[in-house]
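# Survey of secondary and tertiary structure
Here is what each chain is made of, one letter per residue.
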Amino acid sequence: MNEQKKARVKLIVSLIIIFLVGFVGWNMYQDSLANDFNDIDKTQIERVADVYTGYYHRPGCPKAKTIVNPEVFKKGKTAEENNKAAEDKGYHPCKRCHPQED
């Protein structure tokens, strides 16, 4: 019976540790998401598309910085023209930086 109590206590302590690590990790992840977009310039008209994912981004988007071979849309005089050019080629707007919103 003593061995069962020790095993049960170990299990409970392990579950508490796992919960705490997950909670702290989730909070750190949420903070990083909130800070990712502090330096995105909303006045840039250039758009960067990723052929692999099929999304287009603002140049300052954290996801745009990881694109290996980006397709750049900068021939338009406004952001809306570059958004339209990207969408005409079949790209979708990024769900993090929302390049279609100005």
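All of the points below concern the structure found in this document. (Residues numbered from 1 in each chain as written. Predicted model: local features only at pLDDT ≥ 70, side-chain atom pairs only at ≥ 80, totals over all residues. Heavy atoms only, no water.)

## What to know about the overall build of the protein
- A tally of helices and strands in the protein yields two helices and four strands.
- Across its three principal axes, the protein shows a C-alpha extent of roughly 75 × 25 × 20 Å.
- Across the 102 residues in the protein, those meeting the buried criterion constitute 23%.
- Taking the intrachain contacts of the protein between residues at least 6 apart in sequence as the baseline, contacts between residues at least 24 apart amount to 53%. (Helix = DSSP H or I, 4+ residues; strand = E, 2+ residues; numbered from the N terminus. Buried < 20%, exposed > 50% of the residue type's maximum accessible area, 1.4 Å probe, protein only. Contact = heavy atoms within 4.5 Å.)

## So, the state of the cysteines
- Summed over all chains, the structure comprises zero disulfides.
- In this model Cys61 remains outside any disulfide bridge; the closest cysteine sulfur is found in Cys97, 3.8 Å from its own.
- Exposure remark for Cys61: the relative accessible area of 0% places this residue in the buried category.
- Cys97 gets classed as buried once you look at its relative accessible area, which sits at 4%. (Disulfide = S-S within 2.5 Å.)

## Digging into the packing of aromatic side chains
- This structure, assessed with the given rule, holds three aromatic pairs.
- With a centroid separation of 6.3 Å and 20 degrees between ring planes, the pair formed by Phe19 and Phe23 is classed as stacked. Here Phe19 pairs with Phe23, and both are found in helix α1 (residues 2-36), just four residues apart, close to one helical turn.
- With a relative accessible area of 55%, Phe19 lands in the exposed category.
- Judged by centre distance (6.0 Å) and plane angle (70 degrees), the ring pair of Phe73 and Tyr91 falls under edge-to-face. Remark: Tyr91 occurs in the loop between α2 (79-88) and β4 (92-93) and Phe73 occurs in strand β3 (residues 70-73); sequence separation between them is 18 residues.
- Using a relative accessible area of 9% as the deciding quantity, one classes Tyr91 as buried. (Phe/Tyr/Trp six-rings, centres within 6.5 Å; stacked < 30°, edge-to-face > 60°.)

## Describing the pairing of strand β1 (residues 47-50)
- Residues Arg47 and Ala49 of β1 are buried on one face, and the alternating residues Val48 and Asp50, pointing to the opposite face, are buried as well.
- Both β1 and strand β2 (residues 55-57) contribute to a ladder of three bridges, which runs antiparallel. The residue of β2 that forms the bridge with Asp50 is Tyr55.
- The antiparallel hairpin formed by β1 and β2 contains four residues in its connecting segment, where Gly54 sits at a positive phi of about 85 degrees. (Pairing = 2+ DSSP bridges.)

## With respect to the environment of His98
- Topologically, His98 is positioned in the segment after β4.
- Residues His98 and Arg58, 40 residues apart in the sequence, show an inter-C-alpha distance of 7.9 Å.

None of this, on its own, says anything about what the molecule does.
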